[in-house]
Every structure is written in structure tokens, then in C-alpha cells.
Amino acid sequence: MCVLKVEKLSLNYNLNKKEIVAVRDVSFSLEKGRTVGIFGETGSGKSSIGLAIMGLLPLNSSIISGKIIYKGKNLLNLKEKEINQIRGKGIFLIMQGGRELFDPTLSIRQHLEEVLNARSQMTGEEVAVKILEFFEILMIEKDVLNAMPSELSEGTLQKILISMALMNKPEILIADEPTSNLDMINQYRVLKEIRRFQTRHDMGLIFITHDLSIIANIADDVLVMYGGEIVEKGDIYKVFLNPGHPYTKRLLAAFPTLDNYKKDLEFIPGNLPAGDNLPTGCIFHPRCVYCQEKCRKERPFLSKLADNHYVMCHFVNEIQQWSDNVV
Ligand code: SF4
Ligand code: MG
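Residues numbered from 1 in each chain as written. Chains lettered and ligands numbered in written order. Predicted model: local features only at pLDDT ≥ 70, side-chain atom pairs only at ≥ 80, totals over all residues. Heavy atoms only, no water.

The chain has the name Oligopeptide transport ATP-binding protein OppD in an unreviewed UniProt entry, where Koleobacter methoxysyntrophicus is given as its organism. The annotation that UniProt attaches to the chain under Sequence similarities (unreviewed entry) is "Belongs to the ABC transporter superfamily." Quoted verbatim from the Subcellular location (unreviewed entry) field of UniProt, the annotation for the chain is "Cell membrane". (UniProt positions renumbered as here; feature names shortened; annotations may be inferred.)

Here is the structure:
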């Protein structure tokens, strides 16, 4: 069952009187109990999608077009009061860092009690048991309960935010680089716990990251973003085993595996395009080894490569047949 649908979302930022394209024509849907992984490098527009869903875009942003449908309503048309009722309970966002999300005058215990009391009629003792259960799973020291946010590291605060998110039992969790301040062991624990929780509560998950290994670990479907556009999307196995877009092909060729970790990793010469100066035609053409005249002039659209596998490239079928040695 579909729990969230994003349709042709485009949004810009206004910076120093310049219109910067952040997201262009992004469409996807999220099913109950499934995970959409949004992959992109810094500046590819991936975080703006999460903020748009939550109605938390900064004041200098403007939605150019699109809809975000949740429970039959377009979230982009809701008043602040209505979207406030959805935030936290229906849809919860965990962002990178997150110190600013804590009230500096409340202890961690008070934060967590507030979350649990708002959700249920638990007794004080039940609340304490629940909190300690989460702490044990996420390897958070018990003493942290009496600490103030200012006394804790970013990594610990991030794990507490994740416990708060899961305690809320949201229908949809949007996690934007939620493990970026954690070491490998903690990262593994957190991802495992999010997955376990998702299975138990049939939660829809949107996981935003620049780390392909996390996407491989957690996503059912992946969106590959480049310069604000989705250049490839689909089933994680199809995209990883048979990437269609030259950008995805390069990324995956650069992805270390047990076989290639000693080899020189592939890289993509050039930089991400600037949002105020997007290339004409295909957004990837200045960096694409397959670029043809048509690519400089005409913008490609997502076309179907297989069931639940779409690629934004004029020559996707030809490239599949050309020699793999070019990439
Ligand atoms: Fe490369 Fe052309 Fe495909 Fe763009 S449309 S990815 S430039 S081959
Ligand atoms: Mg970001």
C-alpha cells in the first residue's frame, strides 16, 4: 500500500537574488514497510526533498511545481497547524547533527518522557522500562538519561534522536544521514534497529545518504540523484547489478568491493553542475563519456529499462550494448 507519493516536485532557492535549482521533476512513491534510499552527492538536492515533505524548507525556497500526497492530501497545500499534526506522529524526520532539535533546558530523560507520554498513557515505570530497552539496543549509557544535551557528543545525541523517532512509531520515517556521526559498530546497530522496527511496525522509510554501502544495506528501491534530478531509479538489485545511467555506472565502478579494493578506484572527472547554471540538454552531458550531439540539446526523460527500473538517458539501450570497457 502506498503511504506517500511525490509527484513532479521542483523547487528552487533564492541566493543573492539568483534562482538556484535544487530539485527538478522528482517523482516517487513509498510503500508501507518498504525503504526508498535517496542517494546523492552533497548539493544534489536530496535533503531538500525530505525538508519539502516535512514543510520545513527555509524561507528563501520556493516550490515551483509538484505535489506531495499523504493520506489523500497534498502536504504542500496544508496550513502550518495541519502539517504540525502530521510531523512527529505521522511522519518523523531525523536530520544530521540534530543538537538544535533538543531543548537545552530539558534533560534527556525529560525529552524522552515527553515523547512517550504524548504517545500513550504509560505509567512512569513503563516509560522508564521502554527507554532503557531502546538504550540497551542502541548502546547508550544509562547515565545519559540525567544529562543535559550540551553535555553529550553529537554521536550520542544522534542515537537519542533515533530512539525518539522510533518511540514515536511514525508511519513514515525520513532519515537524512542519520548515522553520519557514528562509528561503524554504532552505525551497524542503528541500521539494524531501524530495520527491525520497520518490519515490526510496517513503517515506510526514506533513507537519504551519500553512502552507497548504506543504500545497498537498507534500501528496497533507490533514487540516484544528480544536480537535483533523479537520473536513475528502481529496485535496488536491478540498479546495482545492471546500472543504466553512465553516472550510476561510474559510481558503482568506484564502489570498493572485496575484489577491487586494491585497484585504483574509478572517478568521474568534473564537478556537479551549479544550480544557477545547469547544462543544456542532459544535465550530465559535460561529464559523460557517451555524450552525443543530441545530449547537448535535448533533455532526456526517465525511460523504462525494465519493470521498476528507469533511467534518464537518450542512449540507455545503446549504452547497455556498447563495450563495458568505456566505463
Ligand atoms: Fe550521457 Fe547523453 Fe545519456 Fe546524458 S543522455 S547520460 S550525456 S549518453
Ligand atoms: Mg544533506
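**Details of the environment of Pro-170**
With respect to the element layout, Pro-170 can be found in the loop between α5 (154–167) and β7 (172–176). Between the C-alpha atom of Pro-170 and that of Ser-65, which follows or precedes it by 105 residues, the distance is 27 Å. Excluding residues within four positions of it along the chain, Pro-170 makes contact with Gly-88, Lys-89, Gly-90, Phe-92, Ala-165 and Met-203. (Helix = DSSP H or I, 4+ residues; strand = E, 2+ residues; numbered from the N terminus. Contact = heavy atoms within 4.5 Å.)

**Let's talk about the sheet that holds strand β8 (residues 204–209)**
What links the strands of a sheet is backbone hydrogen bonding, and the strands pair in either a parallel or an antiparallel sense. Taking strand neighbours across the sheet as the criterion, the 8 strands line up as β6-β7-β8-β3-β9-β10-β12-β11 in an open arrangement whose pairing is mixed. With partners counted over all chains shown, the strands left at the sheet margins are β6 (91–94) and β11 (302–306), one partner each. Strand after strand, the sheet turns through a mean of 20° between neighbouring axes, direction not considered. Taken strand by strand, α5 contacts β6 and β7, and its axis lies near 175° from that of β6. (Pairing = 2+ DSSP bridges. Axes fitted to C-alpha atoms, helices over the stretch in contact; angles between N-to-C directions.)

**Details of the nonpolar core**
Residues Ile-94, Ile-108, Leu-112, Ile-131, Phe-135, Ile-160 and Leu-173 are the most contacted members of the largest nonpolar core, which totals 37 residues. At the level of secondary structure, the elements contributing two or more residues to this core comprise β6, α3 (108–119), α4 (124–137), α5, β7, α6 (184–201), β8 and α7 (212–218). Looking at this core element by element, the count peaks at 8 residues for α5. Residues contacting Leu-173, with those up to four places away along its chain left out, are Phe-92, Ile-94, Ala-165, Leu-166, Ile-194, Met-203, Gly-204, Leu-205 and Ile-206. (Core = buried A, V, L, I, M, F, W, Y, C linked by side-chain atoms within 4.5 Å. Buried < 20%, exposed > 50% of the residue type's maximum accessible area, 1.4 Å probe, protein only.)

**Remarks on the sheet that holds strand β2 (residues 18–31)**
Within the open sheet, the 4 strands sit side by side as β2-β1-β4-β5. Their pairing is antiparallel. Here the strands that pair on one side only, and so sit at the sheet edges, are β2 and β5 (73–74). Pairing analysis gives 2 bridges linking strand β4 (residues 61–70) to β5, with the strands arranged antiparallel. From the neighbouring strand, Ile-69 faces β5, where its bridge partner is Asn-74.

**Side note on the pattern of salt bridges**
Taken as a whole and judged by the stated rule, the model has 13 salt bridges. With its nearest N and O atoms 2.7 Å apart, the salt bridge here joins Arg-24 to Glu-229. Placement of Arg-24 in strand β2 and of Glu-229 in strand β10 (residues 229–235) is noted, with a sequence separation of 205 residues between them. By sharing partners, the salt bridges in this structure join Arg-24, Asp-25, Glu-229 and Arg-299 into a single network. (Salt bridge = Lys/Arg side-chain N within 4 Å of Asp/Glu carboxyl O.)

**Describing the site of ligand 1**
Around ligand 1 sit His-245, Pro-246, Cys-282, His-285, Cys-288, Tyr-290, Cys-295, Cys-313, His-314, Phe-315 and Ile-319, and that is every residue in its neighbourhood. Within the shell around ligand 1, the residues separate by chemical class into 8 nonpolar, 3 polar and no charged. (Near = heavy atom within 4 Å. Nonpolar A, V, L, I, M, F, W, Y, C, P; charged D, E, K, R; others polar.)

**Focus: α4**
An ideal rise of 1.5 Å per residue puts 20 Å on 14 residues; α4 measures up with 21 Å between its terminal C-alpha atoms. Restricting attention to buried positions, one finds in α4 the residues Val-127, Ile-131, Phe-134 and Phe-135. For α4, the angular spread of buried residues about the axis comes to 100°, placing them on one side. Those residues of α4 that are exposed and aimed more than 90 degrees away from the buried face are Glu-125 and Glu-136. One or two residues past the end of α4 sits Met-139, with phi positive at roughly 55°. (Expected span 1.5 Å × (residues − 1). Arc of directions from axis to C-beta.)

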